[in-house]
Amino acid sequence: MKLLSAEIAINEKRPHKEIEELLNESLAFAKINHSATVEDRINSLFEKYKKESGFKK
């Protein structure tokens, strides 16, 4: 659910802090559940977001 929320936040161009928190929460959840596929998707989305927005972490 957090991943979907992050995708929506990115599309709506919400504040960087909010998007970063949603992506980090999604990543933590994926790691807890040992879901490499979801983890890869989150990392990919994070990289795409950083590239498109110019956001530097």
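For the structure itself, look to the data block above.
Being a predicted model, the structure only gives us computed values, none of them experimental.

### Side note on the packing of aromatic side chains
Taken as a whole and judged by the stated rule, the model has zero aromatic pairs. One Lys or Arg, Lys50, reaches over the ring of Phe46 and ends 5.5 Å from the middle of that ring.

### Describing the pattern of salt bridges
This structure, assessed with the given rule, holds five salt bridges. For Glu12, the salt bridge goes to Arg14, with nearest N and O atoms at 2.6 Å. Residue Glu12 is classed as partly exposed on the basis of its relative accessible area, which comes to 49%. Salt-bridge contacts for Glu47 lead to Lys50; the nearest nitrogen and oxygen are separated by 3.2 Å. Residue Glu47 and its partner Lys50 are both found in helix α3 (residues 36-53); the two are separated by three residues, about one turn of the helix. On the basis of relative accessible area, Glu47 is assigned to the partly exposed category, the value being 46%. Lys50 sits in the partly exposed class, given a relative accessible area of 24%.

The rules behind each value
- Residues numbered from 1 in each chain as written.
- Predicted model: local features only at pLDDT ≥ 70, side-chain atom pairs only at ≥ 80, totals over all residues.
- Heavy atoms only, no water.
- Phe/Tyr/Trp six-rings, centres within 6.5 Å; stacked < 30°, edge-to-face > 60°.
- Lys NZ or Arg CZ within 6 Å of the ring centre and 35° of its normal.
- Salt bridge = Lys/Arg side-chain N within 4 Å of Asp/Glu carboxyl O.
- Buried < 20%, exposed > 50% of the residue type's maximum accessible area, 1.4 Å probe, protein only.
- Helix = DSSP H or I, 4+ residues; strand = E, 2+ residues; numbered from the N terminus.

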